[in-house]
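# Results of the structural survey
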Amino acid sequence: MLAIVSLTLAAPAQAIPQNCTARIGTSGSTGYGTSICKTGTGNHRVRVTCRLGSTTTTYLRYGPWTGIPNPSTVYCNTGDRATAAIYQFLKYT
């Protein structure tokens, strides 16, 4: 599932981040997600699905909006693991 946040402004050209990836990882016992866009223009952020301990309960965490080519990273709560990550971007048209 890919979620895209759109913002429409009065401008003649379309500008979007490109060559974007999102991944999950672990630091100690805590999961995190990172997104990065290597080309294009605009802003992006990571959205991470975290799993609460050993339960089936999940929650979402969002990284900060950031420009190209900076990464957006967010951690789950201590001891929780990341199960999925996607990137979101703002589209200017």
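Residues numbered from 1 in each chain as written. Predicted model: local features only at pLDDT ≥ 70, side-chain atom pairs only at ≥ 80, totals over all residues. Heavy atoms only, no water.

All right, on to the confidence of the model for the protein chain then. Per-residue pLDDT for the protein chain averages 87, and the proportion of residues at 70 or more is 83%. Segment residues 1–12 is flagged for pLDDT under 50; beyond a separation of four residues in sequence, or across chains, it makes 23 contacts in the model. (pLDDT = per-residue confidence, 0-100. Contact = heavy atoms within 4.5 Å.)

Quick look at the state of the cysteines now. Within this structure, the stated rule accounts for two disulfides. Shown here is the disulfide that connects Cys50 with Cys76, its sulfur atoms set 2.0 Å apart. One quick way to see it: the torsion about the S-S bond of Cys50 and Cys76 is about -85°, and its sign makes the bridge left-handed. Placement of the pair is Cys50 in strand β4 (residues 43–51) and Cys76 in the loop between β7 (72–75) and β8 (81–91), with a sequence separation of 26 residues. Judged by relative accessible area, Cys50 falls into the buried class, the value being 0%. A relative accessible area of 5% places Cys76 in the buried class. Should the bonded cysteines of the protein chain be numbered as they appear in the sequence, the pairing reads 1-2, 3-4. (Disulfide = S-S within 2.5 Å. Helix = DSSP H or I, 4+ residues; strand = E, 2+ residues; numbered from the N terminus. Buried < 20%, exposed > 50% of the residue type's maximum accessible area, 1.4 Å probe, protein only.)

Quick look at the nonpolar core now. Grouped together as the largest cluster of nonpolar side chains are eight residues: Val46, Val48, Cys50, Tyr59, Val74, Cys76, Ala82 and Ala85. When residues in this core are grouped by element, the largest group, three residues, is from β4. Setting aside chain neighbours within four positions, we find Tyr59 in contact with Val48, Thr49, Cys50, Leu52, Cys76, Asn77 and Asp80. (Core = buried A, V, L, I, M, F, W, Y, C linked by side-chain atoms within 4.5 Å.)

Under the counting rule described, the total for this entry stands at two aromatic pairs. Relative to Tyr75, the ring of Tyr32 lies with its centre 5.3 Å away and its plane at 40°, an arrangement referred to as tilted. Separated by 43 residues along the polypeptide, Tyr32 in strand β3 (residues 30–40) and Tyr75 in strand β7 bring together distant segments of the chain. On the accessibility criterion, Tyr32 (14% relative accessible area) is buried. (Phe/Tyr/Trp six-rings, centres within 6.5 Å; stacked < 30°, edge-to-face > 60°.)

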